[in-house]
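# Structure assessment
Single-letter residue listing:
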Amino acid sequence: DYFTVIGTSLQVYPTASLINFTPKNTPIYYIDPKPIKIPNLRNPLEIISNIASEGVRILKEKLLY
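These lines cover the structure that appears in this document, whether it is placed above or below. Nothing here was measured: the structure is a model prediction, and the numbers come from that model.

What follows deals with the pattern of salt bridges. Taken as a whole and assessed by the stated rule, the structure comprises 3 salt bridges. One salt bridge in this structure joins Arg 57 and Glu 61, with 2.6 Å as the shortest N-O distance. One end of the pair, Arg 57, and the other, Glu 61, are both in helix α1 (residues 52-64), 4 residues apart, so they sit about a helical turn from each other. Look at Arg 57 and you get partly exposed, because its relative accessible area is 39%. Within the structure, one salt-bridge network assembled from shared partners comprises Glu 54, Arg 57 and Glu 61.

Here the focus is the environment of Thr 22. Among the structural elements, Thr 22 can be located in the loop between β1 (3-6) and β2 (28-31). It is 8.4 Å that separates the C-alpha atoms of Thr 22 and Tyr 2, two residues lying 20 residues apart in sequence. Ignoring anything within four residues of it in the chain, the contact list for Thr 22 reads Phe 3, Ile 28, Arg 42 and Asn 43. A distance of 3.1 Å separates a polar atom in the side chain of Thr 22 from the backbone oxygen of Ile 19.

Moving on, we come to unusual backbone geometry. For the peptide bond that leads from Tyr 13 to Pro 14, omega is 15°, which places it in the cis range. Here Pro 14 lies in the loop between β1 and β2. Backbone geometry at Asn 40 places phi at a positive 60°, although glycine is not the residue there. Among the structural elements, Asn 40 can be located in the loop between β2 and β3 (45-48). Residue Asn 40 is classed as exposed on the basis of its relative accessible area of 77%.

What counts, and at which threshold
- The written sequence of each chain sets the order in which its residues are numbered from 1.
- Confidence filtering applies because this is a predicted model: local features only for residues at pLDDT of at least 70, side-chain atom pairs given and counted only at 80 or more, and all residues used for totals across whole chains, interfaces and linings.
- Hydrogens and water molecules were not included; the side-chain quantities draw on all heavy atoms of the structure.
- A pair is scored as a salt bridge if a Lys or Arg side-chain nitrogen falls within 4 Å of a carboxyl oxygen belonging to Asp or Glu.
- Labels follow the DSSP assignment, with helices taken as runs of H or I lasting at least four residues and strands as runs of E lasting at least two, numbered in each case from the N terminus.
- Relative accessibility decides the category of a residue: with a 1.4 Å probe and only protein chains considered, values under 20% of the type maximum give buried, values over 50% give exposed, and everything between is partly exposed.
- Residue contacts are defined here by distance: any two heavy atoms, one from each residue, within 4.5 Å place the two residues in contact.
- Polar contact is defined as a pair of N or O atoms within 3.5 Å, subject to the rule that within protein one atom must be able to donate a hydrogen and the other to accept it, and that residues adjacent in sequence are counted only when both atoms are side-chain atoms.

Given below as structure tokens:
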């Protein structure tokens, strides 16, 4: 249904490459206080610029409503 990235710089592989394996048009939620730009992303991306504990709460609210 969706892919969530929480609290990572997306700089360490192979974990950073997982975002590229999400099915096309699957929404991606990226939670990090200092998110980086993600080039060549084919999926809708929503960035939540918060620490993980706060960002997960915000994501939960978004997904429930």
